[in-house]
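Inside the fold
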2 protein chains.
Amino acid sequence: MNNLSQTNRERSVRNHNSNNHNQIAALYEEFISVTNTNVDIAKKMLQENQWNLQKALGAYFDTPNNGQASASNDELFEENRKFKLLSWNIDGLDMYALEVRAQGVIDVIKKERPDAVFLQEVIPCSLSQIQTHLPEYDVHLGNVQNYFVVILTRKATLTVQRLDLIPYPGSQMDRNLLIIHARYRNTVNIDLMTSHHESGTEENSSHERMEQLKLCFKKMFDAPSDHFVLFGGDLNMRQKELYKIGNVPAGIYDLWFANGKPTDCEYTWDMQLNTNKNFSMSASRPRARFDRLYFRPSSDGSIKFQPVGFELKGLDIIPSVQRFCSDHWAIQVSFSV
Amino acid sequence: MNNLSQTNRERSVRNHNSNNHNQIAALYEEFISVTNTNVDIAKKMLQENQWNLQKALGAYFDTPNNGQASASNDELFEENRKFKLLSWNIDGLDMYALEVRAQGVIDVIKKERPDAVFLQEVIPCSLSQIQTHLPEYDVHLGNVQNYFVVILTRKATLTVQRLDLIPYPGSQMDRNLLIIHARYRNTVNIDLMTSHHESGTEENSSHERMEQLKLCFKKMFDAPSDHFVLFGGDLNMRQKELYKIGNVPAGIYDLWFANGKPTDCEYTWDMQLNTNKNFSMSASRPRARFDRLYFRPSSDGSIKFQPVGFELKGLDIIPSVQRFCSDHWAIQVSFSV
DNA sequence: CCGCCTGCG
DNA sequence: CCGCAGGCG
Ligand SMILES: [Mg+2]
Ligand SMILES: [Mg+2]
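The model shown is predicted, which means the values in this text are computed figures rather than measured ones. (Residues numbered from 1 in each chain as written. Chains lettered and ligands numbered in written order. Predicted model: local features only at pLDDT ≥ 70, side-chain atom pairs only at ≥ 80, totals over all residues. Heavy atoms only, no water.)

What follows covers the UniProt feature "domain: Endonuclease/exonuclease/phosphatase" (unreviewed entry) in chain A. In this numbering, the UniProt entry assigns the feature "domain: Endonuclease/exonuclease/phosphatase" (unreviewed entry) to residues 86-297 of chain A. Split by type, residues 86-297 of chain A is 26% helix and 33% strand. Its first and last C-alpha atoms lie 18 Å apart. (UniProt positions renumbered as here; feature names shortened; annotations may be inferred. Helix = DSSP H or I, 4+ residues; strand = E, 2+ residues; numbered from the N terminus.)

If you want it as structure tokens, here you go:
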């Protein structure tokens, strides 16, 4: 019996208690996490089953075409739980309809319910919106000058032990590496690292990016070996630069590759599809895989944490303002835990 | 007896003819070429020796400390003749005191008396000055739009057989390679090639420069093997780029290297010494060896053509306007012929 | 934070 | 034709 099973037991106890608001939210959380559905289905199934999670899950999976109905609920519990991480440069430097666009970001997070979120190019005004509208997350940040990176951790699943902020000494743009040392469901140590690496094509920026990336890879190895390490963000990375630093070190996995290199998720900054910037009349319509997520597994092989998905989010234009949330797409990875 | 000796004989014949202006100029030319002096000394010595070149040379070298007085005049003839080539980006895009600066360029050429001159960044207005004030040179050019490259050949020593203009297909700046197929003293075939390679540090410019340089090296090899080939100009070259294309091919010689890498002639574009641009208040004071000359010897080993000198010219500020002739220095190479 | 341009130090 | 900033398509 591994640590995750203990967590399940603990939660079963909670489920038999009173129906106050926090506990209903926890039931939704659990139902959605196991069934990979949404809050509407969770509400319906739980209401129909007297707010008993096991009964609601049983009823859901007994319905034909819902999940894998042949397995027992406990097995489904084990098999279907996901850890989700979403990373997004939300372009807080673009003032056009920023408040509406930031609300769009919040809506995506509410819908996706990732356990952790890496945000880049956040400005104070957007940060306030996030803190107001996403109370289900803890908000972690280093500096709050100009624009900055933020890590959100889902209160229900992650407890934060420590924060590290490592400035890049060579950065001309005040970029830094933000690290959150967290525990997932009180059992799994996960170090969450995000960064917004030096922008632009200039030689100095390119060189600085390589230094920043090398530092990050080193930090991933510096973490205790029994921790899982997730690092990524807007790395502004070019293939040549990765090649020049010797490609991704052994023991670290690019989660786009680990999830089968889905070609429809390749470009995270795509001026052929994203119209937030004025490239429509331009001769060049560049696109690139600037945003990436890397994974260093734990040395503890008994802990299940398998990459099972890579998706782009934020692909929809916001009708009211005819803008996307950002010039970058969000990238989201899932792990079977 | 090689071809150069024949040329000497031909000239001796000319020297006994009448004293019209052209022939006096030819006598000056010869005297200066052999003695490495200047027009004032040539005039004095020739006047004192009844315009007899042999007597004037004899008198000059019999004077203690003048040349190597122990050798015979004929030997000195052989030993001291030089072929000189000067290359200069004269910054015709800088309008500040351009006419005075172009006159400065003309003055340097008149003083140095190179057999051939490669000019880059010439504009029509400067071209007119050159044509007016340097009648001792033939002027060769391809396009005359915006700014362009020009080759000057000394009428007394070079006869031009053909001109080729090869546009660089990938250039964003209408750059091209200008080739003059010439004969030196009616005996030695010399192909003169100059170019102004793509400017700037951008990736596309850098890549285009490498393509341009590869084409030029190829053209140097395409010339008939019994020709000497001299190629160079403002190549805007970076060490990395030369490395990336595999360095200078075997059989081609960088004349700065061939002349012992004189460290005081390394930087041809030097914002630490040249004040034409506004770098005085700038944090960076860049300098580079942008201007280079390459040499492919003839397969005919009987023809003497040995690199014997590399110099910078145009190092003096013009007092009246407090500017240098150009933001580039001129580079000048000499061959013992 | 694409390429390219202009202007500044 | 240096690096960098700001603006444009
Ligand atoms: Mg951005
Ligand atoms: Mg120039």
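There is more to say after this.
On to empty space enclosed by the protein, then. If a probe the size of a water molecule is rolled over the atoms, the empty space left behind becomes visible. Scanning the model with the defined rule gives two cavities of 30 Å³ or more in all. Considered as a void within the structure, the largest cavity measures approximately 60 Å³ in volume. Every residue along the wall of the largest cavity is listed here: B:Asn143, B:Tyr147, B:Phe148, B:Val149, B:Met173, B:Asp174, B:Arg175, B:Asn176 and B:His196. Looking at the lining of the largest cavity, its residues break down into four nonpolar, three polar and two charged. A:His197, A:Arg209, A:Met210, A:Leu213, A:Leu235, A:Met237 and A:Glu241 together form the lining of the second largest cavity. Of all the elements, helix H8 (residues 203-222) of chain A adds the most residues to the lining of the second largest cavity, at three residues. Here the residues of the lining of the second largest cavity sort into four nonpolar, one polar and two charged. (1 Å grid on protein atoms, 1.4 Å probe; cavity = no way out; pocket = protein on both sides within 12 Å on 5 of 7 lines; lining within 4 Å. Points joined across faces, edges and corners; volume = space filled by probe spheres on them. Nonpolar A, V, L, I, M, F, W, Y, C, P; charged D, E, K, R; others polar.)

Our focus in this paragraph is the domain arrangement of chain A. Residue and element names in this part refer to chain A. As far as domains go, chain A holds domain 1 (5-62) and domain 2 (79-336). Between the C-alpha centres of domain 1 and domain 2 there is a distance of 30 Å. Domain 1 puts eleven residues into the contact, and the matching count from domain 2 is nine residues. Together, the buried faces of domain 1 and domain 2 total about 880 Å²; carbon and sulfur atoms form 34% of this surface. The interface formed by domain 1 and domain 2 holds two salt bridges in total. Between arginine 113 and glutamate 29 there is a salt bridge whose closest N-O contact spans 3.2 Å. For the pair domain 1 and domain 2, the interface holds two residue pairs in polar contact (both at pLDDT 80 or more). Secondary-structure elements contributing two or more residues to the side of domain 1 that touches domain 2 are helix H1 (3-15) and helix H2 (21-35). Top contributing element to the side of domain 1 that touches domain 2 by residue count: H2, with six residues. The residue makeup of the side of domain 1 that touches domain 2, split by class, is four nonpolar, four polar and three charged. (Domains from an automatic or database assignment. Contact = heavy atoms within 4.5 Å. Buried area = accessible area lost by both parts, 1.4 Å probe. Salt bridge = Lys/Arg side-chain N within 4 Å of Asp/Glu carboxyl O. Polar contact = N/O pair within 3.5 Å; in protein donor to acceptor, adjacent residues only side chain to side chain.)

Residue and element names in this part refer to chain A. With respect to the helices and strands, the residue aspartate 254 is situated in strand E9 (residues 253-254). We classify aspartate 254 as buried; its relative accessible area is 7%. A polar side-chain atom of aspartate 254 sits 2.8 Å from the main-chain amide nitrogen of tryptophan 256. Reaching out from aspartate 254, the side chain makes a polar contact with the side chain of arginine 289 at a distance of 3.0 Å. Those residues in contact with aspartate 254, other than ones at most four positions away along the chain, are Arg289, Arg292, Leu293 and Tyr294. (Buried < 20%, exposed > 50% of the residue type's maximum accessible area, 1.4 Å probe, protein only.)

Bringing the packing of aromatic side chains into the picture now. All names here are of chain A. Tallying each qualifying case throughout the model produces 30 aromatic pairs over all chains. Geometrically, the ring pair formed by phenylalanine 305 and phenylalanine 335 is tilted, given 4.7 Å between the ring centres and 35 degrees between the ring planes. Separated by 30 residues along the polypeptide, phenylalanine 305 in the loop between strand E12 (291-296) and strand E13 (306-313) and phenylalanine 335 in strand E14 (residues 330-336) bring together distant segments of the chain. Phenylalanine 335 carries the same exposure label as phenylalanine 305, and that label is buried. Ring geometry for phenylalanine 324 against tryptophan 329: centres 5.2 Å apart, planes inclined by 75 degrees, an arrangement best described as edge-to-face. For phenylalanine 324, a relative accessible area of 7% translates into the label buried. You can call tryptophan 329 buried: its relative accessible area is 3%. Here the aromatic residues Phe83, Tyr184, Phe228, Phe295, Phe305 and Phe335 are joined through ring pairs into a cluster of three or more. (Phe/Tyr/Trp six-rings, centres within 6.5 Å; stacked < 30°, edge-to-face > 60°.)

Helices that pack against each other are described as a pair by the angle of their axes relative to one another and the distance between those axes. Residues and elements named next belong to chain A. It is the contact of helix H3 (residues 39-48) with helix H4 (residues 53-62), at a shortest axis distance of 8 Å, that shows an interaxial angle of 110 degrees. Looking at the two axes, H3 sits roughly perpendicular to H4. Two packed elements cross with a definite hand, and for H3 against H4 that hand is right-handed. Contacts from Ile41, Met45 and Leu46 in H3 reach Leu53, Ala56, Ala59 and Tyr60 in H4. Of the residues that constitute the contact of H3 with H4, the class distribution is seven nonpolar, no polar and no charged. (Axes fitted to C-alpha atoms, helices over the stretch in contact; angles between N-to-C directions. Parallel < 35°, antiparallel > 145°, perpendicular 65-115°, else oblique. Left-handed = near helix turned anticlockwise from the far one by under 90°.)

Before going further, it helps to examine the protein's contact with DNA strand C. Close to DNA strand C lie 23 residues; A:Arg238, A:Phe279, A:His328, B:Met281 and B:Ser282 are nearest. Backbone sugar and phosphate groups make up 53% of those atoms of DNA strand C lying within 4 Å of the protein. Separating a sugar or linking oxygen of DNA strand C from a side-chain N or O atom of A:Asn236 is a distance of 3.2 Å. Within the side chain of B:Ser282, one N or O atom sits 2.9 Å away from a base nitrogen of DNA strand C. Classifying every residue of the surface near DNA strand C gives six nonpolar, twelve polar and five charged. (Near = heavy atom within 4 Å.)

Each strand in a sheet pairs with its neighbour through backbone hydrogen bonds, running either in the same direction (parallel) or in the opposite one (antiparallel). Residue and element names in this part refer to chain B. Taken in spatial order, the six strands line up as E3-E4-E2-E1-E14-E13 in an open sheet, and their pairing is mixed. Taken across any chain shown, the strands that pair with only one partner, and hence form the sheet edges, are strand E3 (137-141) and strand E13 (306-313). When strand polarity is set aside, the average angle formed by the axes of neighbouring strands in this sheet is 15 degrees. Bridging between E3 and strand E4 (residues 148-154) involves five bridges; their strand directions are antiparallel. In the strand pairing of E4, aspartate 138 is matched with threonine 153. Across the sheet, helix H6 (residues 98-112) is in contact with strand E1 (82-89), strand E2 (116-122), E3, E4, E13 and strand E14 (330-336); its angle to E1 comes to roughly 170 degrees. Across the sheet, helix H7 (residues 124-133) touches E2, E3 and E4, and the angle it forms with E4 is around 5 degrees. (Pairing = 2+ DSSP bridges.)

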